[in-house]
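Observations on the model geometry
Now for the letters of each chain:
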Amino acid sequence: MLKKVRRDLRFRYGRQLRQLNYWLVARAAMLIISLLRLLPADSALNFVDRVARRVGPWAGRHQVAVDNLRKAYPEKSESEIQAIASDMWGNMARLAAEYVFLDVLFDYDPAASRSGRVEVKGEEHFLEIASEQRPHIVFTGHLGNFELLPVAAATFGMNITALFRPPNNPYLADYILSTRRSTMGSLLPSMAGASFALAGVLENGGNIGILVDQKFSNGLDTTFFGRPCQSNRVLGTLARHYECDVYPARCIRLPNNRFRLEIEDKLTLPRTADGSIDVRATTQLLNDVVERWVREDPGQWMWFHKRWEISRWRPNNRRRTKTPVAVD
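Residues numbered from 1 in each chain as written. Predicted model: local features only at pLDDT ≥ 70, side-chain atom pairs only at ≥ 80, totals over all residues. Heavy atoms only, no water.

Points about the overall build of the chain
Across its full length, the chain carries eleven helices and eleven strands. Going through the 328 residues of the chain one by one, you find that 48% of them count as buried. Summarising the internal contacts of the chain: among those between residues at least 6 apart in sequence, 73% fall at separations of at least 24. (Helix = DSSP H or I, 4+ residues; strand = E, 2+ residues; numbered from the N terminus. Buried < 20%, exposed > 50% of the residue type's maximum accessible area, 1.4 Å probe, protein only. Contact = heavy atoms within 4.5 Å.)

Details of helix 9 (residues 194-203)
If you check which residues of helix 9 are buried, you get Ala194, Leu198, Ala199, Val201 and Leu202. The buried residues of helix 9 occupy an angular sector of 155° when the element is viewed end-on, so they sit on one face. Exposed side chains of helix 9 directed beyond 90 degrees from the buried face belong to Phe196 and Glu203. Just downstream of helix 9, Gly205 is the residue with a positive phi angle, here 80°. (Arc of directions from axis to C-beta.)

Details of the packing of helix 3 (residues 61-72) against helix 4 (residues 78-98)
When two helices pack together, their arrangement is given by the angle between the helix axes and the distance between those axes. Between helix 3 and helix 4, the least distance of the axes is 10 Å, while the angle of their chain directions is 130°. Accordingly, the angle class assigned to the pair helix 3 and helix 4 is oblique. When the axes of helix 3 and helix 4 are compared, the crossing they make is right-handed. Touching Arg61, His62, Ala65, Val66, Leu69 and Arg70 of helix 3 are Glu78, Ile81, Gln82, Ile84, Ala85, Met88 and Trp89, all from helix 4. Residue composition of the contact of helix 3 with helix 4, by class: eight nonpolar, two polar and three charged. (Axes fitted to C-alpha atoms, helices over the stretch in contact; angles between N-to-C directions. Parallel < 35°, antiparallel > 145°, perpendicular 65-115°, else oblique. Left-handed = near helix turned anticlockwise from the far one by under 90°. Nonpolar A, V, L, I, M, F, W, Y, C, P; charged D, E, K, R; others polar.)

Quick notes on the environment of Leu149
One can find Leu149 in helix 7 (residues 148-155). Residue Leu149 is classed as buried on the basis of its relative accessible area of 9%. Note: C-alpha distance between Leu149 and Cys251 (102 residues apart in sequence) is 7.0 Å. Those residues within four positions of Leu149 in sequence are excluded, and the remaining contacts are Thr140, Ala249, Arg250, Cys251 and Leu261.

Considering the environment of Lys121
With respect to the element layout, Lys121 can be found in strand 1 (residues 118-121). Once residues within four sequence positions are removed from consideration, Lys121 is found in contact with Leu261, Glu262 and Ile263.

What about the side chain of Thr282?
Looking at the secondary structure, you find Thr282 in helix 11 (residues 279-296). Residues contacting Thr282, with those up to four places away along its chain left out, are Leu235, Gly236, Leu269, Pro270 and Ile277.

A word on unusual backbone geometry
Within the chain, Asn256 stands out as a residue other than glycine whose phi angle is a positive 65°. As for its placement among the helices and strands, Asn256 is situated in the loop between strand 8 (245-254) and strand 9 (258-263). For Asn256, a relative accessible area of 67% corresponds to the exposed category. Unlike most non-glycine residues, Asn257 shows phi in positive territory, near 55°. With respect to the helices and strands, Asn257 occurs in the loop between strand 8 and strand 9. By relative accessible area, Asn257 is classed as buried at 6%.

Topic: the pairing of strand 5 (residues 207-211)
Taken across its five residues, strand 5 has four buried, putting it largely inside the fold. The pairing of strand 2 (residues 136-140) with strand 5 spans five bridges and is classified as parallel. The partner of Phe139 across the bridge, within strand 5, is Ile210. (Pairing = 2+ DSSP bridges.)

Let's talk about the pattern of salt bridges
Scanning the model with the defined rule gives 17 salt bridges in all. Across the pair Glu78 and Arg70 runs a salt bridge whose closest N-O atoms are separated by 2.8 Å. Overlapping salt bridges bring together Asp49, Arg53, Asp87 and Arg94 as one network. (Salt bridge = Lys/Arg side-chain N within 4 Å of Asp/Glu carboxyl O.)

Below is the structure:
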């Protein structure tokens, strides 16, 4: 009985302490956001970039990023690896701060004669998807400011539901969700049952947007940068079931706080002998597309994901456990 009371107290007070920590972090973040709003957008973004390049290497995730870079680029020197990691921290800081200035940064006007901060490559695909009364899937990765892609889709009148993962901090999650919904159209939190919700959107002739470059525990065995990893099968499964077109899209960060949004030609998806879409081969194809993007500018990708950690079901344990597998 005493052990149970202790366990209940630890759980109760542990949860309260965690909520207090979330609240304090959110208050600090809101204060920083308020201060950034006092600055012009360019000054604020350049400032957070400089700070992140100094502070980032002290973060626990920095070593994860460096280890991943060494796996992906065994031919690069240590100074080159550290330079890419520094670029990554600058990119991440800019991404966070750009939430504050989304209304200023996204100035794309299809009718304008001159480009502003945002330029778009592949306008015809945006317009085509928006005009067709059937489902489509648009996928991207954590590159540049990927949050601008659904904003662009809404500008072209594309009805799209974007799958996103809310932060663990509920106070920050509320702020970010309200910011996203004001500019990005429909949003679907990534949680249990999300794949069924996405299927419902496609069933009704809608369009969905998915990030495809994260580790997915017990997903399909694939490769990324030539190394084994696990990837989510959901896009391939949905594409096979609904026979919908799949388009790659990405954001490229340009100098002087400018952006290029690109939507490429639709993919020709691999098929099995019976003519249906090959889910495993399609999942690998998505990895190959993202790898091509990352190789073009590695400093614009989130290297601190544990992309190559492999999770397996242990036969002597019904619960899923993470078993990191080192691949040399």
